[in-house]
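So you can see what is in the structure, the chains are spelled out below.
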Amino acid sequence: MLFAITCLDKPDSAAVRQANRPAHLEYAKATAGLKMGGPLLSDDGERMIGSMLVLEAADRAEAEAWCANDPYAKAGLFESVTIRPFKWLLPQAVG
C-alpha cells in the first residue's frame with residue numbers, strides 16, 4: 001500500500017534540518033519502498049520548510065515506524081507529520 005507523508009518543520013529549525021540532512025538522505029536512499037520524496041519549500045521557493053514522500057509499506061504501522069526512525073524525526077525537526085493512504089493514478093505509476 002502507498003502512503004503520502006507530509007512533514008512540516010518546527011519554526012526556526014533550518015539548522016536542525018541542515019545538520020541532519022546527510023543522515024536523512026542516506027536513510028531515504030536505503031529505503032526500497034520510497035517511491036518519491038523531497039523538501040517542501042516556502043512560498044518564495046528559498047527555504048526548506050518540510051518534507052513530502054510517497055512510501056510503499058505493508059500497512060500504516062510500517063509507515064509510522066519508518067517515519068519514527070527518520071533521522072529528521074529523531075532530531076525533533078517536525079512540528080507535524082501526516083500519513084495518509086495514497087492511490088497513484090497520474091502519471092502512470094512506476095514499478
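Above this note sits the structure.
K.L.:
Talk me through the nonpolar core; I want residue IDs and the actual numbers.
P.N.:
One broad rule of soluble globular proteins: the nonpolar side chains tend to lie buried together. Of all hydrophobic cores here, the largest spans 13 residues; its most connected members are Phe3, Ile5, Ala63 and Ile83. If you list the elements that add at least two residues to this core, you get strand E1 (2-9), strand E3 (48-56), helix H2 (60-69) and strand E4 (78-86). Setting aside its immediate chain neighbours within four residues, phenylalanine 3 contacts Leu53, Val54, Leu55, Ala57, Asp59, Arg60, Ala63, Ile83, Arg84, Pro85 and Phe86.

K.L.:
Can you explain the pairing of strand E2 (residues 34-41)? Please cite residues and give values.
P.N.:
The pairing of E2 with E3 spans seven bridges and is antiparallel. Bridging from a neighbouring strand, glycine 38 pairs with methionine 52 of E3. Linking E2 to E3, which pair antiparallel, is a turn of six residues; within it glycine 45 sits at a positive phi near 75°.

K.L.:
If you had to explain the packing of aromatic side chains to someone new, which residues and values would you point to?
P.N.:
With the rule as written, the count across this model stands at two aromatic pairs. When the ring of tyrosine 72 is compared with that of phenylalanine 78, the centres are 6.0 Å apart and the planes differ by 90°; the resulting orientation is edge-to-face. What makes tyrosine 72 buried here is its relative accessible area of 1%. For phenylalanine 78, a relative accessible area of 13% gives the class buried.

K.L.:
I'd like a description of H2, backed by residues and values.
P.N.:
For H2, every residue scored as buried is listed here: Ala63, Trp66 and Cys67. Buried residues of H2, seen end-on, are gathered within an arc of 95° and therefore sit on one face of the element. Along its buried surface, H2 packs onto E1, helix H1 (14-29), E3, helix H3 (71-74) and E4. Between the side-chain oxygen at the start of H2 and the backbone nitrogen of alanine 61 there is a gap of 3.3 Å, and the oxygen is on aspartate 59.

K.L.:
Describe the sheet that holds E4, with residues and values.
P.N.:
In spatial order, the strands read E2-E3-E1-E4; together these four strands make up an open sheet with antiparallel pairing. The open sheet has two free edges, formed respectively by E2 and E4, since each of these has just one partner strand. Each adjacent strand pair in this sheet contributes to an overall mean axis angle of 15°, direction not counted. Summarising the sheet, E1 and E3 pair through seven bridges and their orientation is antiparallel. Directly across from isoleucine 5, in E3, lies its bridge partner leucine 53.

K.L.:
Summarise the side chain of arginine 17; cite the residues concerned and give the values.
P.N.:
By the secondary structure assignment, arginine 17 is in helix H1. Given the relative accessible area of 2%, arginine 17 is considered buried. Polar side-chain contacts of arginine 17 include one of 2.7 Å to the side chain of aspartate 9. Apart from the residues within four sequence positions on either side, arginine 17 is in contact with Asp9, Pro39, Met48, Ile49, Gly50, Ser51, Tyr72, Leu77 and Phe78.

So, how was this worked out
Residues numbered from 1 in each chain as written. Predicted model: local features only at pLDDT ≥ 70, side-chain atom pairs only at ≥ 80, totals over all residues. Heavy atoms only, no water. Core = buried A, V, L, I, M, F, W, Y, C linked by side-chain atoms within 4.5 Å. Buried < 20%, exposed > 50% of the residue type's maximum accessible area, 1.4 Å probe, protein only. Helix = DSSP H or I, 4+ residues; strand = E, 2+ residues; numbered from the N terminus. Contact = heavy atoms within 4.5 Å. Pairing = 2+ DSSP bridges. Phe/Tyr/Trp six-rings, centres within 6.5 Å; stacked < 30°, edge-to-face > 60°. Arc of directions from axis to C-beta. Polar contact = N/O pair within 3.5 Å; in protein donor to acceptor, adjacent residues only side chain to side chain. Axes fitted to C-alpha atoms, helices over the stretch in contact; angles between N-to-C directions.

Without other data, these values stay purely geometric and don't point to any function.
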